[in-house]
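Structural overview
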Amino acid sequence: MPSPAPHDRLPLAFGGDYNPEQWPREVWEEDVRLMREAGVTAVSLGVFSWARLEPRPGAYDWEWLDTVIGLLHGAGIAVNLGTPTVVPPAWFYRAHPDALPVTREGVRLAFGSRGAICHSNPEYRAAATTITRALAERYGSHPAVVLWHVHNEYGAPVLACYCDVCAAAFRGWLRERYDTLDALNHAWGTAFWGQQYGDWEEITPPRATPSVCNPTQQLDYHRFADAQARANFVAERDILHRLSPGVPVTTNFMVAPSQGQTVDYWAWAKEVDLVTNDHYLMTDGRRTHVNLALAADLTRSVAGGGPWLLLEHATSGVNWQPYNPAKRPGEMARNSLGHVARGSEGAMFFQWRQSQSGAEKFHTAMLANSGTDNRGWREVTDLGRRVAGLADLRGTRTRGDVAMVWSWDSWWAQSLEWRPSQDLDARERLDSFYEALYDRHLTVDFLPPTGLGDLDPERYPLLVVPQLYSAPVGVGADLERYVARGGTLLVSFFSGIVDENDTLHPGAYPGALRDVLGLTVEEFDPLLPGETVSVRGADGSSYTADLWSEVVLPGAGCETVAVFADGRTAGGAALTRHAVGSGTAWYLATRLTGADLATVVDLALADAGITPVDLPRDVELVVREGESGTFRFAVNHTGSEVKVVLPDGSRAAVPAGGVEVFRDPR
Amino acid sequence: MPSPAPHDRLPLAFGGDYNPEQWPREVWEEDVRLMREAGVTAVSLGVFSWARLEPRPGAYDWEWLDTVIGLLHGAGIAVNLGTPTVVPPAWFYRAHPDALPVTREGVRLAFGSRGAICHSNPEYRAAATTITRALAERYGSHPAVVLWHVHNEYGAPVLACYCDVCAAAFRGWLRERYDTLDALNHAWGTAFWGQQYGDWEEITPPRATPSVCNPTQQLDYHRFADAQARANFVAERDILHRLSPGVPVTTNFMVAPSQGQTVDYWAWAKEVDLVTNDHYLMTDGRRTHVNLALAADLTRSVAGGGPWLLLEHATSGVNWQPYNPAKRPGEMARNSLGHVARGSEGAMFFQWRQSQSGAEKFHTAMLANSGTDNRGWREVTDLGRRVAGLADLRGTRTRGDVAMVWSWDSWWAQSLEWRPSQDLDARERLDSFYEALYDRHLTVDFLPPTGLGDLDPERYPLLVVPQLYSAPVGVGADLERYVARGGTLLVSFFSGIVDENDTLHPGAYPGALRDVLGLTVEEFDPLLPGETVSVRGADGSSYTADLWSEVVLPGAGCETVAVFADGRTAGGAALTRHAVGSGTAWYLATRLTGADLATVVDLALADAGITPVDLPRDVELVVREGESGTFRFAVNHTGSEVKVVLPDGSRAAVPAGGVEVFRDPR
Amino acid sequence: MPSPAPHDRLPLAFGGDYNPEQWPREVWEEDVRLMREAGVTAVSLGVFSWARLEPRPGAYDWEWLDTVIGLLHGAGIAVNLGTPTVVPPAWFYRAHPDALPVTREGVRLAFGSRGAICHSNPEYRAAATTITRALAERYGSHPAVVLWHVHNEYGAPVLACYCDVCAAAFRGWLRERYDTLDALNHAWGTAFWGQQYGDWEEITPPRATPSVCNPTQQLDYHRFADAQARANFVAERDILHRLSPGVPVTTNFMVAPSQGQTVDYWAWAKEVDLVTNDHYLMTDGRRTHVNLALAADLTRSVAGGGPWLLLEHATSGVNWQPYNPAKRPGEMARNSLGHVARGSEGAMFFQWRQSQSGAEKFHTAMLANSGTDNRGWREVTDLGRRVAGLADLRGTRTRGDVAMVWSWDSWWAQSLEWRPSQDLDARERLDSFYEALYDRHLTVDFLPPTGLGDLDPERYPLLVVPQLYSAPVGVGADLERYVARGGTLLVSFFSGIVDENDTLHPGAYPGALRDVLGLTVEEFDPLLPGETVSVRGADGSSYTADLWSEVVLPGAGCETVAVFADGRTAGGAALTRHAVGSGTAWYLATRLTGADLATVVDLALADAGITPVDLPRDVELVVREGESGTFRFAVNHTGSEVKVVLPDGSRAAVPAGGVEVFRDPR
């Protein structure tokens, strides 16, 4: 793939999804006028426009889109042009009802919402590449088009289809992966419950079964479904690369684990020219700004540390959560600039103009149904001005202080049925460890569980593994190498248990990580809901844990730093420290949260030689650096003015709820 | 439709559903003897008798029904004769399995319960009219038959079917409604998510979809399903009118919103000769007698204020709720006479004799399985005597004091997915405002949201709109006219938001009601579960609210009567009062309940010039008036004797838990 | 059926399920070596091996099984050889997809877990008998094979299939049961809701219906599904009896009601040569050792009081519960020997070696994935030694002190929809009454509700009926005969309500039991969740009850021992005592638990002349007796040493958490 220069012509983006087909023509000029008023520099266009562009099979209506792109271009607004392949028209489904996806229970879903796609369906694949080709031919060289937006949020609302066409494709994918049935039978452990296959044709998707379905079959099906969708993305991308040379291609990710676990963004990020992301605050009782920071850090990480773009977020409340509160005054700007601080090349919204009809009319937008005389519009235009003032930071990068391992594949595996406790939740551990680091004002770079042996302890003095259930054998040796060279490793329970086939590593738990941690686990002993145990540190400190306990047997050289003080595993090690070479490997054998977890993290930070930053809670200080300079983002989520210390020793004020960007003198 | 005189030959009814086919012949004579002992004047007969009447296709067995009707007629008991079209026989389904309804997920439901009907199925329609014709031919002139009971509880247990026959009928219904596809595409907002239709044949029912299905498609399907069932009712009714002239036709409604939201009784009431209703106390933590009063008031209202008949209620516990407590001594009579007070021409039960088998054998009945030596029977016979003593009030009417707007169509629309808060609940607001008025001893007449411009403020000094999410544009002007002429209007939040197509009214919320209320709402800000905010009145009063807050911007002439004292919208208006002409329009922007809501209602009542009635809580005083006189029903739900003041100033006692009917001297 | 001598060649069993096909050949010799080290005497082999034994249709691979059986035999380990008919191979389903079971909603379940069987499918039946025949021919005379293990846990994970083949078979079963359609229509009460059948072909399984499906149809379908599975067992058994004469045949039951309600073990026990049982501790908040004792007592009871065998339990945590805590040190031995105390001829586990792959890899095993250097292995080998030391007790029997009635059929009927309260729960009453007796250190024999008229009051001075919703008429007379001859009967509410067709007994509740209890129940009055009532005894005692109240009318000679002190039934009888002949019949009209229930049970025990045993709570003393002697098992579930009194008056110590077996001197 000859990857074009990523986003040379893309301005620092401010704007949103623009769906002009929802509005009569007379509104379009008003839209463009108001976009200019708001400082909009880019819009995502045509994401859902297939039926409007091709109202009948093969009969295209380009005129309206020509007009809209022309209007935008005339106003100097760049276009992120969508391929509308997430919404095949009604006529397509009438002709090809088999393109509708089928659930595990065999229900063929219907037209009437969005994303009703069987990614294996050959008619869908043909139609999607055809419309993509037609678009690329018409607009591939249009000067307004600076980015291609393929499809929409792959994997949402459904990723996997369980139809017979998928079944055949799955068998093909398995032959590719395993070559022989013996290899598949071994990997899947089909000898258990008598599931051996004697012919490839016997294999079906993991449809609804009487008892729990073979876990590796399920896991491989998830991987297969991810691969099918990815192949469809690649097919469109390659057409665009050919017909629209020099224009980068993206598809909007939903990287935050809070937004779903459908696809593996480590793999997807390799296929896009520019990583773009959608992020929404989840009203789930967690601190929303912490989760936003995690999402932005993780997006930057899948983008390889390089620039990325926030393609969707909300100006205020959304419509699809159980409860959709409004954002507070100033909160939108904090959200938007918080993403920019962590590497986004701008801030875009879903959507430009609030819908009057359909499923999402209660989703707030840059331009409300009530027009421009309201707080929302005033904050949008303010933000537009602020973003415009930051044009210089294009191309700069945010640098993480510490590293954390995250794997979608392991999360999928862990999320299957019949684990020791149904409350084991890799995302929760990710969030909690991230929160502890966030509260120490540390910026986190995420890493996949591959190639960790080459990780530089100077660059990342601390590496946290919040929960890596599934880990190939090599991961243990890699981590050992990192520690031996001076790294500090902090591993949480239920890590290193199985390999990539969901097969237990031989020997005692935690199979892949026994050596680096210097211990074995004799037995898991999950706690019941509501049950807690006390953990007591050798230094007299005391913690309250829940969810999990286990019998840890520290080996030679492994120091017990804290023990279970009560409960069924009382007396056993709960927190250990293993010196390996010039580094140390910590292991936490139970679930701590909040201040308790922070204390443990502090122990590891001390080992790593990382000293505390002097900042109040809920104030972020994040740095973007590059050729154009160094930009310090101070984001104040508190209700009081705070002062931050700048490199020259001066103290600068950040107003309550405000964001300030300090540029280092050059 | 040549409507017959509604119920000239129908006595003041006391009795119940009579299902003699469940019992051997020797029991029938005992039944009739005991009915006389109990004072039974009417029974509903044959509602589930299709398989007994037509055991094989086209082969009728009339003999048993001839006998039963003869026995009843001989005893002077009137017959409300059922068309058994809610339960086609097993042979019918074996011949026509496609007549079984299909769920959204494509599951074709099976025979074995009741009401397994696809209302679009042509074979069902043909069979239903054939059996109706046969019944009408045989019994249309029988002197015992004073009312026809078509079908049973249309819409329960299922209203909508999603089969292909329904899909085709739906398309026909849509062509009728919209005429052109352009109109449909506009009304449904199909431009959102690329759902435009280019051919009528592309349209399907709102079956299970990957994400949320188009809301207007869902709403129209609900309307279509209602219309299909109604058309089947009309087809049966027209046969009966032709073959049984002079005998009114009804079908038993379930008007209480607590009983379901399936059909639109404003529309149905226009089609029946006499409104009849089924009502059951719901053990859902609400005050059951208040909900009973609401149900009776609403039933009278759909009957246009005229007489109606309670066709089913329970003597004591039912069987189909999660928990089915018994009624207390005296409670049955309070329930029965409470309905009569509010306009019912009698009180009938499901059912006469308790079943020994089948799904409802634990439903109590007038005659228990244990016979007549029990409290239940003694109370039934007492009640029979009381009803007999009230024969004179036939034809009198109950007059409401204040009015309230209720719309099934708006309730359906609001109940769809992706509203700002999933706890928005029009029925809850209806109940709560009703309860506040009930506790002021006010009788309520309900009105649909049409024709309100002609409402006479003298007749109804107060009009309450508890939650009218969906309101055509004209509603605002109508309400303004009502207020300008001196009416007092009280509107609760999330009203006037969309039009009949679930499309947002243009401009700021609350689109249709901005002018009459004299304000705009800048943004919705739903509260989270468990979250409350304080509301403080200009008079120093203080309230606790939950569920909802919003940013209200009062316009000129709109007075802020109370503000949000804390929470995210602190300082903003929570209760406003807008003087329009000689009236006032109140707006409550959050959810209050209980005493807090009552206080707000009192403010509006004061504006309306309605003075408090001097009665203890939980004592009702309801008046029926007509040519035969004025009857004052005093219903005492308390555990103590109370005194009520009569027009002549005398004070009359009503015993604890008792009901007294005082007839004004003529 | 010529039943072979039950288990002459079966040693006192210690071992587990052995699935060598999950492991390479080199592991097998290590397995056998370690089995000897652990004292293993028997293994269950080949339960899931169909695909390994018959990798292609008709092509058998015996070699590996010959080898394994040879290895085991060489080590003196007996084999319980499985027929693998619970897991037809993938090739079978590819050839016969109709053999996959169908849910009530019409979903045909897929291959990929286990037990995906339609028991009516003729191809499945043919294939199952063919593989059984092949196994029996090859191994029927092998000296190692001492027991046949047919299938696995019939009824789990699914019992009933709802396909068309089952529908036809159901009709055949119904013709057999009812002979005429009139009889079926009467039994099912089809006159209710117009469900009369005019042709057998009209009848279908109780598939998903719009409202509640006919209860007797559902109940009969459950009986039919049980019978279909049982017929398949019998077909295999008869082949084994013919081809492997003298070797007893079993299938592993799951008798504990906590493990499911699928099949009727009173019926199944008649078909097996030896009752075997699987039992797992359920982490559901109940006292696990009490439920274990119940399971063991009930298993012994379905085995007619004779020896039985615990075929599966877990060494520590399982994997399939929501939370799977580990067993405490010593707990496994208490569990194992607790079963032996109550009649088990040994203690076997699922499984010998922990799986590395598949759905149950987190299920603990005798030999953990980590090998032998751990507490688990040490406890297993200790237990092996203890079991070996108990060889003499083979063939002895455990004697129950009191009797309790339990009926799966009644439980099924009660569990259907639309009972007076959805929280009525026969299993809960069973557990609670059992617990009260357990806490009095009484061993319980369970009885089906048949033949109770011949029950000897000398043998069982107390008979408890914790909840027998469904009781044929004769049960009342039988119980009356038992009481009249001196028995003490204790009946709890909601018993004797319906007959075997789920038809109410005529007359007042509790129909079948009015005479023996000397009372009638005028009305049920279930309590709401959270609602409690007080019960006050004539002796001043006071209790708190929930779930249920009712209006009891004691007849002549029926003494009111306690009344409802408050609530809706205040003043009415809550506990009564009816003298009949030389015995008494107690009736408890509400739900008591814990100490309150124990007090009522004590009243009945006093009537029965049973005096308290002097033992601390949570210490069991259970006796096995027979030709080889008398063995007293003392099981100490407490954390302290306790002393038990032996027949010679001496006091013997039982350590904290320990088990001691005392043999009476001969």
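What you see is a predicted model, and the numbers here were worked out from it, not measured in a lab.

Some remarks on the overall build of chain A
Scanning chain A for helices and strands turns up 17 helices and 26 strands. For chain A, the C-alpha radius of gyration of 26 Å lies close to 26 Å, the compact-globule estimate for 666 residues. Here the C-alpha coordinates of chain A stretch approximately 75 × 75 × 45 Å along the principal axes. The burial tally for chain A puts 67% of its 666 residues in the buried class. In chain A, of all internal contacts separated by at least 6 residues, the share reaching a separation of at least 24 is 73%.

Focus on the relation of the copies chain A and chain B
Note that the two copies of the chain are related through a rotation about an axis and a translation along the same axis. Mapping chain A onto chain B is achieved by rotating through 120° and translating by 0.1 Å along the same axis, at an RMSD of 0.0 Å. The symmetry that links the two subunits is that of a three-fold axis. Residue V107 of chain A, judged by its C-alpha, is the member of chain A lying nearest the rotation axis, at 5.1 Å.

Quick word on the domain arrangement of chain A
Residue and element names in this part refer to chain A. Once the domains are mapped, chain A shows domain 1 (13–162 + 205–287 + 307–323 + 344–393), domain 2 (402–608) and domain 3 (619–664). Inter-centroid distance (C-alpha atoms) of domain 1 to domain 2 is 38 Å. On the domain 2 side, the residues contacting the 22 residues of domain 1 number 25 residues. Of the roughly 2,100 Å² buried at the junction of domain 1 and domain 2 (both faces included), carbon and sulfur atoms supply 58%. Contact with domain 2 buries area across many residues of domain 1, yet P257, Q261 and W266 alone supply 29% of it, more than any other trio. The tally of links from domain 1 across to domain 2 stands at 5 salt bridges. R223 is paired through a salt bridge with D409; the nearest N and O atoms lie 2.7 Å apart.

With respect to unusual backbone geometry
A cis amide bond links F350 of chain B with the next residue in sequence, Q351 of chain B, at an omega value of -5°. Here Q351 of chain B shows up in the loop between strand 9 (344–349) and helix 12 (375–388). For W193 of chain A, which is not glycine, the phi dihedral falls at a positive 60°. Relative to the assigned elements, W193 of chain A resides in the loop between helix 7 (181–188) and helix 8 (215–243). When its relative accessible area of 2% is taken as the criterion, W193 of chain A is described as buried.

Considerations on the interface of chain C and chain A
With 49 residues of chain C at the contact, the number on the chain A side is 50 residues. Of the roughly 4,300 Å² buried between chain C and chain A, counting both surfaces, carbon and sulfur atoms make up 59%. Linking chain C to chain A there are 5 salt bridges. One salt bridge connects R328 of chain C with D525 of chain A, and the closest N-O pair in it is separated by 3.2 Å.

Here's the deal with the interface of chain A and chain B
Contacts between the two partners involve 49 residues from chain A, matched on the other side by 50 residues from chain B. Summed over both partners, the interface of chain A with chain B buries about 4,300 Å², with 59% contributed by carbon and sulfur atoms. When the area that chain A buries against chain B is broken down by residue, the three leading residues are F111, Y323 and F362 of chain A, summing to 17%. The interface formed by chain A and chain B includes 20 residue pairs in polar contact (both at pLDDT 80 or more). Of all the elements in the fold, those that place two or more residues in the side of chain A that touches chain B are helix 2 (50–53), helix 4 (90–95) and helix 12 (375–388) of chain A. Ranked by residue count, the leading element in the side of chain A that touches chain B is helix 4 of chain A, at 3 residues. Per-class residue counts for the side of chain A that touches chain B are 20 nonpolar, 19 polar and 10 charged.

A few points about the packing of helix 5 (residues 122–139) of chain C against helix 8 (residues 215–243) of chain C
All names here are of chain C. The contact between helix 5 and helix 8 brings their axes to 9 Å, and the two run at 25°. One way to sum up the angle between helix 5 and helix 8 is to call them roughly parallel. Viewed along their axes, helix 5 and helix 8 form a crossing whose handedness is right-handed. Facing helix 5, whose interface residues are Y124, R125, A128, T129, T132, R133, A136 and E137, helix 8 presents Q228, A231, N232, A235, E236, I239, L240, R242 and L243. Here the residues of the contact of helix 5 with helix 8 are counted per class, giving 8 nonpolar, 4 polar and 5 charged.

Some remarks on the sheet that holds strand 23 (residues 629–636) of chain B
Residue and element names in this part refer to chain B. Reading across from one edge, 10-22-23-26 is the order of the 4 strands in this open sheet, with antiparallel pairing throughout. Since the sheet does not close on itself, it has two edges, and those belong to strand 10 (397–398) and strand 26 (659–663), each with one partner. Here strand 23 runs beside strand 26; their pairing, made up of 5 bridges, is antiparallel. The residue bridging A634 from the neighbouring strand is E660, located in strand 26.

Considering helix 14 (residues 426–438) of chain A
All names here are of chain A. Over its 13 residues, helix 14 runs 18 Å from end to end, which matches the ideal 18 Å to within 8%, given 1.5 Å per residue. Burial within helix 14 is extensive, with 12 of its 13 residues counted as buried. Looking at helix 14, one finds that the buried residues are A426, R427, E428, R429, L430, D431, S432, F433, Y434, A436, L437 and Y438. The backbone nitrogen of R427 lies 3.1 Å from a side-chain oxygen of the residue at the head of helix 14, namely D425.

Procedures and definitions
Residues numbered from 1 in each chain as written. Chains lettered and ligands numbered in written order. Predicted model: local features only at pLDDT ≥ 70, side-chain atom pairs only at ≥ 80, totals over all residues. Heavy atoms only, no water. Helix = DSSP H or I, 4+ residues; strand = E, 2+ residues; numbered from the N terminus. Rg over C-alpha atoms; globule rule 2.2 N^0.38 Å. Buried < 20%, exposed > 50% of the residue type's maximum accessible area, 1.4 Å probe, protein only. Contact = heavy atoms within 4.5 Å. Least-squares fit on C-alpha atoms with pLDDT ≥ 70 in both. Domains from an automatic or database assignment. Buried area = accessible area lost by both parts, 1.4 Å probe. Salt bridge = Lys/Arg side-chain N within 4 Å of Asp/Glu carboxyl O. Polar contact = N/O pair within 3.5 Å; in protein donor to acceptor, adjacent residues only side chain to side chain. Nonpolar A, V, L, I, M, F, W, Y, C, P; charged D, E, K, R; others polar. Axes fitted to C-alpha atoms, helices over the stretch in contact; angles between N-to-C directions. Parallel < 35°, antiparallel > 145°, perpendicular 65-115°, else oblique. Left-handed = near helix turned anticlockwise from the far one by under 90°. Pairing = 2+ DSSP bridges. Expected span 1.5 Å × (residues − 1).

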